[in-house]
Every structure is written in C-alpha cells, then in structure tokens.
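# An overview of the molecular structure
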Amino acid sequence: MRIGVLTGGGDCPGLNAVIRAVVRKGAEVQGHEFVGYRDGWRGPLEDDRRPLGVPEVRGILPRGGTILGSSRTNPFAADGGPERIAANMEAAGVDGLIAIGGEDTLGATSRLHSEHGLDVVGVPKTIDNDLSATDYTFGFDTAVNIAMEAIDRLHTTADSHHRVLIVEVMGRNAGWIAVHAGLAGGANAILVPEREFDVDAVCELVGRRFASRFAPIIVVAEGARPRGGMPSEDDAKTDAFGHVRLGGVGHWLEGEIERRTGKETRATVLGHVQRGGTPTAFDRVLATRFGLHAIDAASEGRWGTMAALRGTDIKLVALTEATAELKTVPEELYAESEVFFG
Ligand code: F6P
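Quick look at the structure, then. Since the structure is predicted, the reported quantities are computational estimates derived from the model, not experimental observations. (Residues numbered from 1 in each chain as written. Predicted model: local features only at pLDDT ≥ 70, side-chain atom pairs only at ≥ 80, totals over all residues. Heavy atoms only, no water.)

### Focus on the layout of surface pockets
Inclusion rule: Grid spacing is 1 Å over the protein atoms alone, the probe is 1.4 Å, and a cavity is where that probe fits but cannot get out, while a pocket is an open set with protein on both sides within 12 Å along at least five of seven lines and lining residues have an atom within 4 Å of a point. Grid points are joined across faces, edges and corners, and a volume is the space filled by probe spheres set on the points. The numbering of helices and of strands both runs from the N terminus, where a helix is a DSSP run of H or I of at least 4 residues and a strand a run of E of at least 2. Note that Gly is not counted as nonpolar here; it falls among the polar residues with everything else outside the nonpolar set of Ala, Val, Leu, Ile, Met, Phe, Trp, Tyr, Cys and Pro and the charged set of Asp, Glu, Lys and Arg. An automatic or database domain assignment supplies the residue ranges for each domain.
Looking at the largest pocket, its volume works out to about 740 Å³. When contributions to the lining of the largest pocket are tallied by element, the ones reaching two or more residues are α5 (103-116) and β6 (164-169). Here the lining of the largest pocket takes three residues from α5, the largest share from any one element. In the lining of the largest pocket, the residues fall into seven nonpolar, 12 polar and 14 charged. For the lining of the largest pocket, the two domains that each supply at least three residues are domain 1 (2-138 + 279-322) and domain 2 (140-276). Reported here for the second largest pocket is a volume of approximately 180 Å³. Around the second largest pocket sit 14 residues that line it, and L191, F197, D198, A201 and Y334 are the ones nearest its centre.

The structure is reproduced here in structure tokens:
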C-alpha cells in the first residue's frame, strides 16, 4: 500500500516518535510505501507532499515538533475541500491516510471518513489530554514535567521576595496540565476551566500561605475564568476552527490579587514552552505504541478507527468516539489537589 501521514493542530512532543514508528514498521515489516503530507490537512488539500521513507525518520525519536509541519487547516472550511483531498490522494496513488491530531484534526478526519468515505486511521495527540476515548494523549506528560519544573523554580524566588507568583499553563477547556503540574509542584491554588473561581477565595488562600511564612504559587489554566467573567475578550483572534486565541487570565489575576491584598504579584505565562523540545520517556513510548497500532490498523484495512490507551493496553476505537466528548478533570481529582491549597 501507499500510505499518507499528516500531523495537524498544535504541535506536541512525541509527534516524530509516531511518524517514525509508523514508517519503520510499515516499510520494514509490512512493505508499505509512505508519503508525508505537509502542514496537516493543508498538505492533501493542496497536494503538498514529500517522500517519507526509513532514511527520513532516522534520528527523529527525541526531536520535538514534527518533521511534517503542522497547521490548523480545516478541510471543511475550504471550497470543495473533502473532494479535493480525495482527488489528490487518488492522483498520487495514496490508498489511505494516517492523521495524527487533536480534537479538531480528528474531528475533520472522522467526518472525511463517515461523510466522504476516505480511508483514514487516527492517532490522538494533545498536550491538553482532553480526548475522551483515550486515557492519556502523548505530549501531556512532557508538558506537565515542564510546568512542574517551572513551579519548583518559582517557589524559591517567590519565597525570597515574599511575592505571589502565578503560573499560567495551557488548557483551553480542561485543566489537566494545571492539576497534574500543580499537584506535582505543590501549588497553593489551582484554577481550571471546569469551575469558575472566586477571586476573594483565591486571595484568602494567598493570605493563609503567607501566614505560614512561605509565599504562594497559583497555577491557572489559560481557559480558567473568574465568576462573573473577565473584561471583554470579544476582539480576540480566532483560528480556522473558530477557537479564540487564549492567554491573559494570569496577568489579569496578577492585577486583581495585588489590588485586593496589597502583596506584590507577578505572573509567568509558560505558553509554547510547554509544547516544545524533547518528549519524556513516557511520551516517547506511548507515541511509539500508538504509531505501531495505527499502521497495523491501516494494514488490516480497519479504516475509521483510532489508536487509544486503555489502562496499559492500546486498543482501536471508532474515530467518532474520539471526539464525541471532551475529557475534563473529574471532581474527585480536583478535590485531591484542594487538600494542599493555602
Ligand atoms: O490544543 C493544545 C493547545 O496547546 C491549547 O491548550 C492552546 O489553547 C492551543 O493549543 C494554542 O494553540 P496555538 O499555538 O495554535 O495558538
């Protein structure tokens, strides 16, 4: 078979490990040929591709980013997008496609399969860990470790200067990174998109922490919002899937805490640092196993499926299941982190 591979959406440590596993097993064990599409769905849409063989995937296992490039191109937003993709694949002799992506890329992948009959297999990625069909996505563990290290470092400077330090982490709709990094780093408050926060209650925790002679660290997910909302975000930019570009709650909170408590407060926005660089061992292994199972699925013609982690096993699930529901932080886990607040 001739199989296309693409990576879409925000990049994520471990993407190259998936590509490597797909190509190494697919070419060396199963005798397939590969085509690397550039920049997510833009590649098949514009027939922008490059050869992808074993030599191209040598040495990429520890590399961050994606050798194929990525974009947030939505094939359904382009004129005749699905038809153009099908025609381009046919003309290039591509029998099927492995799409590695998050909620948006996999949502489009699922629709291209169910509505347009495209032969596709999905692989879930996102540092946000918010895909319901899989217990973990690769990239999450790396992001959590980066955020934890930042929190560790901020603790010492917060104590030295008797300041409130806020760390804003990624997490648009789910606070997985905030809760895991906050738990691992000993945060004194963790604010997540799943529940609106009360600024006065946060200030109360700040006071309690100072009373213990240490300075507070507050971890806030970029999608967390105070009760009553923040000043207008109406003019924020949106992407091809209609998502607002987030970032700003950390600095907003900085002003509010300083005004209400009189304590010097500073915010650090970790941003794309969380998505860059080399993946942890956990992410490399998970990404590799996803890749191996995805190429097996393609080989067996099990199109319309996605590799998912269930417990310690990799299972194939329907692509429709992958994006059916957002996986948010459960109440019980948040309650466990609350024990350490203040
Ligand atoms: O989906 C992963 C994510 O990291 C979100 O947490 C964040 O809102 C978004 O990507 C940012 O993406 P971009 O770099 O395209 O602005």
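### Looking at the side chain of S337
To be explicit about the condition: We call a residue buried when its accessible area falls under 20% of the maximum for its residue type, exposed when it is over 50%, and partly exposed in between, using a 1.4 Å probe and counting protein chains only. Two residues form a contact once any of their heavy atoms are found within 4.5 Å.
For S337, the location among the structural elements is in helix α12 (residues 331-338). Taking the relative accessible area as the measure of exposure, S337 reaches 2% and is therefore buried. When neighbours within four sequence positions are excluded, S337 is seen to be in contact with V179, L183 and I190.

### Observations concerning the site of the ligand
To keep it simple, the criterion reads: The near set for a molecule or strand comprises every residue that places at least one heavy atom within 4 Å of it. Polar contact criterion, stated in full: a pair of N or O atoms within 3.5 Å, where within protein one must be able to donate a hydrogen and the other to accept it, and residues adjacent in sequence count only if both atoms are side-chain atoms. Under the convention used here, a 1.4 Å probe and the Shrake-Rupley method define accessible areas, while residue burial counts only the protein chains that appear.
For the ligand, the full set of nearby residues is R72, I127, D128, M170, G171, R172, E222, H272 and R275. One of the side-chain N or O atoms of R275 is found 2.9 Å from an oxygen atom in the ligand. Here the ligand has 400 Å² of accessible area as a free molecule, and 78% of this is covered by the chains. Taken together, the residues of the shell around the ligand break down into two nonpolar, two polar and five charged. Each of two domains, domain 1 (2-138 + 279-322) and domain 2 (140-276), supplies a minimum of three residues to the shell around the ligand.

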